[in-house]
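# Descriptive structure summary
Below, each chain spelled out in residue letters.
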Amino acid sequence: MKQVKLGGLDALETSAVALGIMRMAALDSDQAANVLETAHDHGITMIDSADIYGNGHSETVFGEALKKTSLSRDDFVIQSKGGIVLDPERSHGDLVFGQRYDFSKQHLIDAVDGVLKRMGVDYLDSFLLHRPDTLMEPEQISDAFDTLTRAGKVRYFGVSNFNPRQVDLVQAALNQRLIINQLQFSLMHSGMVDFGIHTNMKDDGSVDHDGGILEYSRLKHMTIQTWSPFQFGMFGGPFIDNPKFPELNTKLQALADKYGVSKNAIATAWILRHPANMQVLLGTMTPAHITDSANGGDIVLDAQEWYDLYFAAGNTLP
C-alpha cells in the first residue's frame, strides 16, 4: 500500500487509502470488527469519522468493534470532524443535515470530548473543522485548538471543504498549522483539475469554483483527502458499472484487466497518481469492496493511462 505523509509530516505517515466510518452505525460490533480487520489486513491504517456520523453512533460502534479485534488504538491514525449541529427533523438514511454550524470554543472542545468518549480513545491524531461556517470567529477556533493541544487530546488539525481564503482566515489566528483539507474529488468530480487545465479559456472547464484549491494545497503542503471517490455529483450515485457512463467503464475495465484488479482499484489509483499528496477516503462497510478498492493503493498508472481515463470521463484538453 502506498503511504502518504499527512501535511508532509513524517510523524503522520499513513496509508494512502483511508476508511471512512460514516455508515458504521448500521453495523453491529462484530460486523464492524470484521470491517476493521479487513481494512488493516489490506494496508489501511487510517480511520476518518465525524461527530455527526450516525448521530454519533458510528463512533460508538467503532469503539466497541476495536475492542473485539486483535488491533489496538496505535494500529490506526484516527481522525474526526466537528462543527455541524444536526437538525433531527432533517435526516434521510445515511444523509445528515445541519441545523447550523458552530465553531465556538466550547462547542469544538465538547465535540472532541464526545468523540473520544464514544470511540474509547485518549486522543485524536487529527481533528477537522467540518465545512466552513460563515459566522466563524478565528480567535474562538484558536482558543479551542490551543486548549485541545495542551490537554493532549488532538495532535494535528485541518479543515473540510474550505476554499483557500477561508483556510487563510483561520490559519492567521492559529498556533498550529492546518495540514488537511477534505474535498470531493473523483473521475466524475474533477473540477479542481479541470480549472487548471482550462486556464485562459472561456469554456465550462475554465470556471474556478474553488479558488484554485488544488494548487493552493500543494503550495501549503496540505493533504487533500478525497471523499466520494466513486460518485458522480454530490448524491448522484456510483459511476462504477453505471450504464450512464459506458465509455468510462469500458476504459476502467480494460485497465482493471491489465493490472489484475477491480474497476474500483483503478478509480482509486487514478486519484493517487496525481502528485498533490492526495489520500482516498473509502465509505464502504462491505469487506469485499474494501479489499477491491484498497488494491488501488498498489497500482501506479502511467501518465497516458491517467489522461485516457480523464478523457473517458467526458473531459477534453484545450
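So, here is what we can say about the structure in this document. Predicted model only: the values in this text are computed from it and were never measured.

A separate point is the pattern of salt bridges. One pass over the full model with this rule turns up twelve salt bridges. A salt bridge links Asp-102 to Arg-100, with the nearest nitrogen and oxygen atoms 3.6 Å apart. Looking at Asp-102, the relative accessible area reads 14%, which means it is buried. Each of the salt bridges in this network shares a partner with another, and the network as a whole consists of Arg-73, Asp-125 and Arg-155.

On to the packing of helix α1 (residues 29–41) against helix α2 (residues 57–68). Put simply, α1 and α2 touch, their axes get as near as 8 Å, and they point 70° apart. Compared by their axis directions, α1 and α2 come out roughly perpendicular. By crossing handedness, the relation of α1 to α2 is classed as right-handed. In contact with Ser-29, Asp-30, Ala-32, Ala-33 and Leu-36 of α1, α2 contributes Val-61, Phe-62, Glu-64, Ala-65, Leu-66 and Lys-68. Residues belonging to the contact of α1 with α2 are distributed by class as follows: seven nonpolar, one polar and three charged.

In this section: the packing of aromatic side chains. In the structure shown here, the tally under the stated rule is nine aromatic pairs. Ring geometry for Phe-145 against Phe-157: centres 3.9 Å apart, planes inclined by 15°, an arrangement best described as stacked. Of this pair, Phe-145 sits in helix α4 (residues 138–150) while Phe-157 sits in strand β9 (residues 154–160), and the two are twelve residues apart along the sequence. Both residues of the pair, Phe-145 and Phe-157, belong to the buried class.

Turning to the sheet that holds strand β8 (residues 124–130), a few remarks are in order. An order of β3-β4-β5-β8-β9-β10-β11-β12 is seen for the eight strands of this closed barrel, with the pairing classed as parallel. Taken over all neighbouring pairs, the strand axes of this sheet differ in orientation by 30° on average, direction set aside. Pairing of strand β5 (residues 77–82) with β8 involves four bridges; the strand directions are parallel. Bridge pairing in β8 links Ser-80 to Phe-127. Along the sheet face, helix α5 (residues 164–171) touches β8, β9 and β10 (178–184) and points at about 150° away from the line of β10.

In this structure, Lys-263 sits in helix α9 (residues 263–272). Relative accessible area serves as the criterion here: at 13%, Lys-263 is assigned to the buried category. Polar contacts involving the side chain of Lys-263 include one to the side chain of Asp-241, which spans 2.7 Å.

This paragraph deals with the side chain of Asp-125. By the element assignment, Asp-125 lies in strand β8. Among the polar contacts listed, one links the side chain of Asp-125 to the backbone nitrogen of Ile-78, at a separation of 2.8 Å. Sequence-distant contacts of Asp-125, that is, excluding residues within four places in its chain, are made with Leu-12, Arg-73, Phe-76, Val-77, Ile-78, Arg-155 and Tyr-156.

We now examine the pairing of β8. Among the seven residues of β8, seven are classified as buried, and the element is accordingly described as predominantly covered. Here β8 runs beside β9; their pairing, made up of six bridges, is parallel. When the bridges of β9 are listed, Phe-127 appears paired with Phe-157. Once the chain exits β8 it traverses α4 before rejoining the sheet at β9, and the crossover so formed is right-handed.

Moving on, we get to α2. The end-to-end C-alpha distance of α2 is 17 Å, a good match for the 16 Å that twelve residues give at a rise of 1.5 Å each. Considered for burial, the residues of α2 that qualify are Ser-58, Glu-59, Val-61, Phe-62, Gly-63, Ala-65 and Leu-66.

What counts and what doesn't
Residues numbered from 1 in each chain as written. Predicted model: local features only at pLDDT ≥ 70, side-chain atom pairs only at ≥ 80, totals over all residues. Heavy atoms only, no water. Salt bridge = Lys/Arg side-chain N within 4 Å of Asp/Glu carboxyl O. Buried < 20%, exposed > 50% of the residue type's maximum accessible area, 1.4 Å probe, protein only. Axes fitted to C-alpha atoms, helices over the stretch in contact; angles between N-to-C directions. Helix = DSSP H or I, 4+ residues; strand = E, 2+ residues; numbered from the N terminus. Parallel < 35°, antiparallel > 145°, perpendicular 65-115°, else oblique. Left-handed = near helix turned anticlockwise from the far one by under 90°. Contact = heavy atoms within 4.5 Å. Nonpolar A, V, L, I, M, F, W, Y, C, P; charged D, E, K, R; others polar. Phe/Tyr/Trp six-rings, centres within 6.5 Å; stacked < 30°, edge-to-face > 60°. Pairing = 2+ DSSP bridges. Polar contact = N/O pair within 3.5 Å; in protein donor to acceptor, adjacent residues only side chain to side chain. Right-handed = clockwise from strand over helix to strand, strands pointing away. Expected span 1.5 Å × (residues − 1).

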